[in-house]
Amino acid sequence: MKIAIHCAWCGKEILKYPSQIKKKNFCCRACQAAFSRKDVNPTGYAYRDFSKNSERFSEMNRERNPDKMTPEMRSKIRDARLKSSTSTGYTKLYGRHLHRVVAELMLGRPLNQGEVVHHIDGNRRNNDPTNLMVFPSQVEHARWHALHDAKGGDSE
Ligand SMILES: [Zn+2]
Ligand SMILES: [Zn+2]
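Residues numbered from 1 in each chain as written. Chains lettered and ligands numbered in written order. Predicted model: local features only at pLDDT ≥ 70, side-chain atom pairs only at ≥ 80, totals over all residues. Heavy atoms only, no water.

By definition of the ideal shapes, four donors in a tetrahedron about a metal sit 109.5 degrees apart, and six donors in an octahedron sit 90 or 180 degrees apart. Binding of the zinc ion (ligand 2) to the protein goes through H118 (ND1), H141 (NE2) and H145 (NE2), at separations of 1.9 to 2.1 Å. Each donor residue of the zinc ion (ligand 2) belongs to the same chain, and together they define the spacing H-x22-H-x3-H. Here the residue H118 occupies a position in strand 5 (residues 116–119), and H145 occupies one in helix 5 (residues 138–148), the gap between them amounting to 27 residues. H145 gets classed as buried once you look at its relative accessible area, which sits at 10%. (Donors = N, O, S within 2.8 Å, 3.2 Å for Na, K, Ca; no water. Helix = DSSP H or I, 4+ residues; strand = E, 2+ residues; numbered from the N terminus. Buried < 20%, exposed > 50% of the residue type's maximum accessible area, 1.4 Å probe, protein only.)

Residues H141, W144 and H145 constitute the buried set of helix 5. The buried residues of helix 5 all sit within an arc of 95° when viewed along its axis, so they share a single face. For helix 5, the exposed residues lying more than 90 degrees away from the buried face are V139, A146 and L147. Looking at the buried positions of helix 5, the neighbouring elements they touch are strand 5 and strand 6 (132–135). (Arc of directions from axis to C-beta. Contact = heavy atoms within 4.5 Å.)

The next thing to look at is the environment of V40. Looking at the secondary structure, you find V40 in the loop between helix 1 (29–35) and helix 2 (51–64). Exposure remark for V40: the relative accessible area of 42% places this residue in the partly exposed category. Look past the residues within four positions of V40 in its chain and what remains in contact with it is W9 and A34.

Structure below.
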């Protein structure tokens, strides 16, 4: 399910999947270009979108090391990272948990510190808006689990 956000330059409403949301989002390349120009946007222009770079690098990598960076290898690396003790298993966006960012977009306001975002299907990586529920506190969240958890659930 896509959610409505606003172009960082013209303010037009755009629809994006949670996985496509970046720190700054634009409706079109022209808006992104205008935003990045010092003369038209002297206060905000320093932002650059490097997301295309990673695409280009993985393309290059695929050509040069066809056996090294296969999708299987990529998922092995990701699993290894997820199992390391420093990772919670949640997808992050610029240092914030993506499910919290998506929940804020759904609510149209920042989350309070005590508010808990719960994954309905128990999958921490499924940040589709239809899979998220916001509880006012950990107590309410725990109550939900107490009622629904006969078959096991997630931690957040
Ligand atoms: Zn725009
Ligand atoms: Zn939960």
